[in-house]
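# Chain and residue survey
The residues making up each chain are set out below.
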Amino acid sequence: MVNRRLPPLRSLEAFMHTVRLGSARAAANQLGLSPSALSRRIATLEEFIGKKLFTRARQAMQLTDEGAAFHEAVLPHFEALARAVEGQSESTSLLRLHLGVLPLFGTQRLFPRLAELRRLHPILHIDIDTGPHLEDRVGDTLDAAIILSNRPSAGLHAVRLDENKVHAITNAELAATLGDTPDAGLLARQTFLIHNGLPESFTAWKAALDLSDLEPAAIDHYDSGQLMLAAAAQGLGIAIMHDDHRRRAADNRLVNLYDAEVESPYSYWFVCKPGALEERPVRMFHDWLVKAGL
């Protein structure tokens, strides 16, 4: 067995915190160190590996190219070490995350992959909340949330999970009646299904198809994307929503109306308070979610 020298773990911890938080001051606060003590720990690590990890200018610290390469190489092993110790620690209690999730995202994208998260972090348990006003409750009754928004609040840490196309989704029979080319007269006699929280989707769709003046016979409002898909499948109207939802529903009754590429004003976002990323349940879920590519 080769006798290898281990890096100074406290110095490595200081380095990883500084990179993740993007601020030496924030990392020092998190570790309960003075800025000078944090700087000494990082200098010790630089001396150990023989590379300059940061450039220092006044209060700012930025990764060098060598520092970025070192972080990329070490990160998976650092996380693996943390998981290994976590898995062997008898004193580690269950960790609980209070997560807000929109029902359609939960059904189509999150729940089919949660077993992966459980295998990776057996001690992490999640309380799911599908109630209203998820974004407003982050930091209060929720640790984090997955929301559908055009732009989350400025005070939140936000990670964009996807980009979407808006489509008019309906059942195949109605689509055949309406034809392959938009007809303002025919569309004016239809019922459109619009999500309460996503009104700009219909505006974007009409503008892209040169139908800005379209006034349909009725607009039915829903607070559930899942119910919108069910209503569209039954021929109750034309649902304006993301094509990704139709694909994941795998309902052969549903089709996209017209062949139009319309950029959605909305995306799915993971949001939490900036400081919440230092809480283990939030960090575990955040890191898994980003890598999982849901």
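Residues numbered from 1 in each chain as written. Predicted model: local features only at pLDDT ≥ 70, side-chain atom pairs only at ≥ 80, totals over all residues. Heavy atoms only, no water.

## Here we look at the sheet that holds strand β5 (residues 144-149)
The strand order across the open sheet built from 5 strands is β4-β3-β5-β12-β6, with neighbouring strands paired in mixed fashion. Looking at the sheet topology across the chains shown, the edges are occupied by β4 (124-129) and β6 (157-160). Neighbour-to-neighbour, the strand axes of the sheet open up by a mean angle of 25 degrees, direction not taken into account. Direction of pairing for β6 relative to strand β12 (residues 267-272): antiparallel, over a ladder of 4 bridges. Along β12, the bridge assignment pairs His157 with Cys272. Contacting β3 (95-101), β4, β5, β6 and β12, helix α13 (residues 280-292) runs over the sheet at an angle of about 55 degrees to β3. (Pairing = 2+ DSSP bridges. Helix = DSSP H or I, 4+ residues; strand = E, 2+ residues; numbered from the N terminus. Axes fitted to C-alpha atoms, helices over the stretch in contact; angles between N-to-C directions. Contact = heavy atoms within 4.5 Å.)

## Some details on the packing of helix α1 (residues 9-21) against helix α3 (residues 35-49)
The interhelical angle for the contact between α1 and α3, taken along N-to-C directions, is 110 degrees, at an axis separation of 8 Å. In terms of orientation, α1 and α3 fall into the roughly perpendicular class. Here α1 and α3 pass one another in a crossing that is left-handed. From α1, Arg10, Ser11, Leu12, Glu13, Ala14, Phe15 and Thr18 reach across to α3, where they touch Leu38, Arg41, Ile42, Thr44 and Leu45. Looking at the contact of α1 with α3 residue by residue, the classes come out as 6 nonpolar, 3 polar and 3 charged. (Parallel < 35°, antiparallel > 145°, perpendicular 65-115°, else oblique. Left-handed = near helix turned anticlockwise from the far one by under 90°. Nonpolar A, V, L, I, M, F, W, Y, C, P; charged D, E, K, R; others polar.)

## Considerations on the sheet that holds strand β8 (residues 191-195)
Across the sheet, 5 strands lie side by side as β9-β8-β10-β7-β11; this open sheet has mixed pairing. A single partner strand is all that each edge strand has here, and the edge strands are β9 (218-222) and β11 (254-263). Recorded for the sheet is a direction-independent mean angle of 30 degrees between the axes of neighbouring strands. In the sheet, strand β7 (residues 165-171) pairs with strand β10 (residues 238-242) via 4 bridges, with the strands oriented antiparallel. Among the inter-strand pairings, Val166 is bridged to a residue of β10, identified as His242.

Fair warning: the whole summary comes from geometry, so function is off the table for now.
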